Amino acid sequence: MAGTFDGKVVVVTGAGGGIGKEYALYFAKEGAKVVVNDLGSDRHGGGKGAELAGAVVGEIKAAGGDAVANFDSVATREGAEGIMWSALSKYGRIDVLINNAGILRDRTLVNMSDHDWDLIMDVHLKGTYLCTQAAARIFKVQKSGGRIINTTSLAGLLGNFGQCNYAAAKAGIYGFTRVASIELVKMGVTVNAIAPVALTRLTEDIPLLQGVSRDEMGPQLIVPVAAFLASDLAADITGQIVGVQGGRIFIYKMAQSGGVTREPAKGAWKIAEIKEKWDEICKDPEPAF
Ligand SMILES: NC(=O)c1ccc[n+]([C@@H]2O[C@H](COP(=O)([O-])OP(=O)(O)OC[C@H]3O[C@@H](n4cnc5c(N)ncnc54)[C@H](O)[C@@H]3O)[C@@H](O)[C@H]2O)c1
């Protein structure tokens, strides 16, 4: 039976568990050749190993699919290039990159260490940059378009206690996605981001997901959105940040209020005037029609 992604080469970072593993299993089932990258670390970024990615590749092959494991870290240039090289050396091309690898090092701002800050920035923000750049350079040579799907988070878009490092990195991925989508459009490459909420080892202890079942909030529920964004059906969709929480799909947008303009001829605003106009400055814009 024909699969939706027959012959496509899909690279998924952090595919040894959680959401990434579900992506890898799905794309393989739909006919893609999958690079299953995973450093094999614990959820705080400690340790490494071949078991996680190896087991997912074993599962794909046992089901008759095609996959190769890669154990590099997304957080270094050699790692990012090594991941793409796994795709090129085994399958000769890349069609889809899903930047999904992630860890948590939660601390309040006053207790944050530089190490916890840097590690989160390296894995999430720098990892997304390095892998996207490496893939984009290949897309440029291939001249047949491409799909990049990044992973951001509610914490980065709205804020969350104890996650200033993670939120800053994930908000950075928002800005990065917007710019990459603008720059790569001329190459026929779409760049979107998913902000998931799903029951995985990263989230199993957060209050929001206590008592919730895998059927209601499992990582398998994130897969259709990535599959849609990676498919031909989404060729004209780029620069979007798609929230997925269980069965709910929605779009995150950066909001601007309508604002108030002071005639430049009247000189700069006085602070008392800003105070007086504050409610009006904050008001939503009037609808255009
Ligand atoms: N689960 C959620 O509710 C949720 C919410 C918001 C965002 N996210 C994001 O979704 C993504 C997937 O998270 P998950 O919940 O499936 O977590 P997970 O821990 O199950 O999976 C993340 C995987 O990334 C791998 N990894 C970590 N560092 C790596 C590195 N340097 N190089 C390569 N692989 C590395 C880990 O070994 C792990 O298998 C992450 O980016 C996370 O921040 C998840």
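Look up a bit, the structure's there.
Residues numbered from 1 in each chain as written. Predicted model: local features only at pLDDT ≥ 70, side-chain atom pairs only at ≥ 80, totals over all residues. Heavy atoms only, no water.

Tallied over the entire structure, the rule returns one cavity of 30 Å³ or more. Size it by volume and the largest cavity reaches roughly 70 Å³. Along the wall of the largest cavity there are 13 residues; nearest its centre are Asn99, Asn100, Ala101, Val123 and Thr128. Listing elements by their share of the lining of the largest cavity, those giving two or more residues are helix 4 (114-142) and helix 6 (164-184). Here the lining of the largest cavity takes five residues from helix 4, the largest share from any one element. Within the lining of the largest cavity, the residues separate by chemical class into five nonpolar, seven polar and one charged. (1 Å grid on protein atoms, 1.4 Å probe; cavity = no way out; pocket = protein on both sides within 12 Å on 5 of 7 lines; lining within 4 Å. Points joined across faces, edges and corners; volume = space filled by probe spheres on them. Helix = DSSP H or I, 4+ residues; strand = E, 2+ residues; numbered from the N terminus. Nonpolar A, V, L, I, M, F, W, Y, C, P; charged D, E, K, R; others polar.)

As a matter of local geometry, the ligand sits amid 31 residues, with Ile19, Asp38, Tyr166, Ala198 and Thr200 nearest to it. In the model, a nitrogen atom of the ligand is placed 3.3 Å from a nitrogen or oxygen of the Leu39 main chain. In the environment of the ligand, an oxygen atom lies 2.8 Å from a nitrogen or oxygen atom belonging to the backbone of Ala198. Contact with the protein chains hides 97% of the accessible area of the ligand, taken as 820 Å² for the molecule alone. Every element with two or more residues in the shell around the ligand is listed here: helix 1 (18-29), helix 4, helix 6 and strand 6 (189-197). Residue classes in the shell around the ligand are distributed as 12 nonpolar, 15 polar and four charged. (Near = heavy atom within 4 Å. Polar contact = N/O pair within 3.5 Å; in protein donor to acceptor, adjacent residues only side chain to side chain. Areas by Shrake-Rupley, 256 points an atom, 1.4 Å probe, with all protein chains shown as cover.)

Secondary-structure assignment places Asn165 in helix 6. The exposure class assigned to Asn165 is buried, which follows from its relative accessible area of 0%. When sequence neighbours within four positions are dropped, the list of residues in contact with Asn165 reads Arg105, Met112, Asp116, Trp117, Ile120 and Met121. (Buried < 20%, exposed > 50% of the residue type's maximum accessible area, 1.4 Å probe, protein only. Contact = heavy atoms within 4.5 Å.)

Moving on, we get to helix 2 (residues 51-62). Helix length check: helix 2, at 12 residues, gives a terminal C-alpha distance of 16 Å against a target of 16 Å (1.5 Å per residue), a fit within 8%. Regarding helix 2, the residues found buried are Ala53, Val56, Val57 and Ile60. Projection of helix 2 onto a plane perpendicular to its axis shows the buried side chains occupying an angular sector of 100 degrees, all on one side. Those residues of helix 2 that are exposed and angled more than 90 degrees off the buried face are Glu51 and Ala62. Positive phi shows up at Gly64, right after helix 2, with a value of about 90 degrees. (Expected span 1.5 Å × (residues − 1). Arc of directions from axis to C-beta.)

Below, the discussion takes up the pattern of salt bridges. As enumerated under the stated definition, the model contains 10 salt bridges in all. A salt bridge links Arg43 to Asp205; its shortest N-O distance comes to 2.8 Å. One end of the pair, Arg43, is in the loop between strand 2 (33-37) and helix 2; the other, Asp205, is in the loop between strand 6 and helix 7 (214-217), and 162 residues separate them in sequence. Put simply, Glu286 and Lys283 hold a salt bridge, and the shortest N to O gap is 3.9 Å. (Salt bridge = Lys/Arg side-chain N within 4 Å of Asp/Glu carboxyl O.)

Strand order in the open sheet formed by eight strands is 3-2-1-4-5-6-7-8, and the pairing between neighbours is mixed. With partners counted over all chains shown, the strands left at the sheet margins are strand 3 (66-70) and strand 8 (248-252), one partner each. On average, adjacent strands in this sheet sit at an angle of 20 degrees to one another, irrespective of strand direction. In the sheet, strand 1 (residues 9-12) pairs with strand 4 (residues 96-98) via three bridges, with the strands oriented parallel. (Pairing = 2+ DSSP bridges. Axes fitted to C-alpha atoms, helices over the stretch in contact; angles between N-to-C directions.)

Within strand 2, four of the five residues are buried, which leaves the element mostly enclosed by the surrounding structure. Where strand 1 and strand 2 come together, four bridges link them in parallel fashion. Bridge assignment links Val10 to a residue of strand 2, and that residue is Val34. Of the crossover connections in this fold, the one passing from strand 1 over helix 1 to the parallel strand 2 is right-handed. Two strands pair when backbone bridges link them, and strand 2 and strand 3 are joined in this way by five bridges, in the parallel orientation. In the strand pairing of strand 3, Val34 is matched with Ala67. Regarding topology, helix 2 serves as the crossover connection from strand 2 to the parallel strand 3, and that connection is right-handed. (Right-handed = clockwise from strand over helix to strand, strands pointing away.)

Turning our attention to the packing of helix 1 against helix 8 (residues 223-230). Contact pair helix 1 / helix 8: the axes reach a minimum separation of 10 Å and the direction vectors enclose 55 degrees. Considered as vectors, helix 1 and helix 8 are oriented oblique to each other. Considering how the two elements wind past one another, helix 1 and helix 8 form a crossing that is right-handed. In this structure, helix 1 uses Glu22, Tyr23, Tyr26 and Phe27 to contact helix 8, whose residues at the interface are Val223, Ala226, Ala227 and Ala230. Looking at the contact of helix 1 with helix 8 residue by residue, the classes come out as seven nonpolar, no polar and one charged. (Parallel < 35°, antiparallel > 145°, perpendicular 65-115°, else oblique. Left-handed = near helix turned anticlockwise from the far one by under 90°.)

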